[in-house]
Amino acid sequence: MLIGCMEYSNMIINPTEGSTSFESAAHYCKARPDATIGLTSGSFDLFHDFHLRYLMQCKRQCDILVVGVDSNAHVQERKGLSRPIMSEFQRVMLVNALKYVDFSYIQHSLEDFTRVAETLGTNVVFRNQEFLGREQEVAVGTSGAKVIIIPDIAELDSTTNLIKRIRGEASL
């Protein structure tokens with residue numbers, strides 16, 4: 001993929017004011033007015049098969065997939081002080097390395113999600129089944145983007161289940 005004379009495959013962006021990488025991502029998206037731009041976010045801690053399948057399903061429904069990886073503080077607020085297991089830097093690097101992900105960023109707050117959605121011109125917001133019935137809440141600040149709920153796959157692992165097995169609290 002080309003932006004000006006620079007080639008980009010996957011890129012970690014910083015959604016703060018004046019960030020060159022974020023400006024480049026915005027330029028890339030705006031230069032493709034017919035492209036469907038998808039946005040999702042999550043913890044992606046102890047990356048596993050469900051995370052991969054979720055991102056694959058998201059990418060199948062858009063041309064450009066942007067993924068917010070929750071910051072360490074954001075994960076701790078939602079999941080407790082023992083999480084995340086992996087640092088935000090490790091998690092964003094893993095997510096960004098996937099061929100399904102075009103751009104990724106560390107998401108510190110809902111405001112980051114909103115800023116990315118509005119600046120990049122997001123058409124579709126993807127969420128997991130946890131958000132079923134809360135589509136209006138998810139769509140706030142996304143400039144009318146369509147919300148698509150990706151159903152959970154029951155037989156696949158969750159990070160919480162992996163941690164329990166590592167601790168010997170559960171088995172396969």
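Parameters and conventions
- Residues numbered from 1 in each chain as written.
- Predicted model: local features only at pLDDT ≥ 70, side-chain atom pairs only at ≥ 80, totals over all residues.
- Heavy atoms only, no water.
- Helix = DSSP H or I, 4+ residues; strand = E, 2+ residues; numbered from the N terminus.
- Buried < 20%, exposed > 50% of the residue type's maximum accessible area, 1.4 Å probe, protein only.
- Contact = heavy atoms within 4.5 Å.
- Areas by Shrake-Rupley, 256 points an atom, 1.4 Å probe, with all protein chains shown as cover.
- pLDDT = per-residue confidence, 0-100.
- Polar contact = N/O pair within 3.5 Å; in protein donor to acceptor, adjacent residues only side chain to side chain.

**Student:** In this structure, what is going on with the overall build of the chain? I would like to understand it.
**Tutor:** Looking only at helices and strands, the chain features 7 helices and 8 strands. Counting the 172 residues in the chain, one finds 47% classified as buried. Looking at the chain alone, contacts between residues at least 24 apart form 66% of all its contacts between residues at least 6 apart. Accessible area for the chain stands at about 9000 Å²; split by element, carbon and sulfur atoms hold 53% of it.

**Student:** Explain the confidence of the model for the chain to me, please; I cannot follow it from the model alone.
**Tutor:** Low-pLDDT portions of the prediction should not be read for the details of their coordinates. Here the chain averages 81 in pLDDT, and 74% of its residues register 70 or above. Every residue in residues 1-9 scores below 50 in pLDDT, and together they form 15 contacts with partners more than four places removed in sequence or on other chains.

**Student:** What should I look at first to understand the side chain of Gln-107 in this one?
**Tutor:** With respect to the helices and strands, the residue Gln-107 is situated in strand β6 (residues 103-107). On the basis of relative accessible area, Gln-107 is assigned to the buried category, the value being 4%. Within the structure, the side chain of Gln-107 is placed 3.4 Å from the side chain of Asp-70, a separation counted as a polar contact. Discounting chain neighbours no more than four positions away, the residues touching Gln-107 are Ser-41, Gly-68, Val-69, Asp-70, Ser-71, His-74, Asp-112 and Phe-113.

**Student:** When you look at helix α5 (residues 110-120) in this model, what are you seeing that I'm missing?
**Tutor:** Along α5, the residues classified as buried are Asp-112, Phe-113, Thr-114, Val-116, Ala-117 and Leu-120. Note on α5: the residue one or two positions beyond its end, Gly-121, has a positive phi of about 75°.

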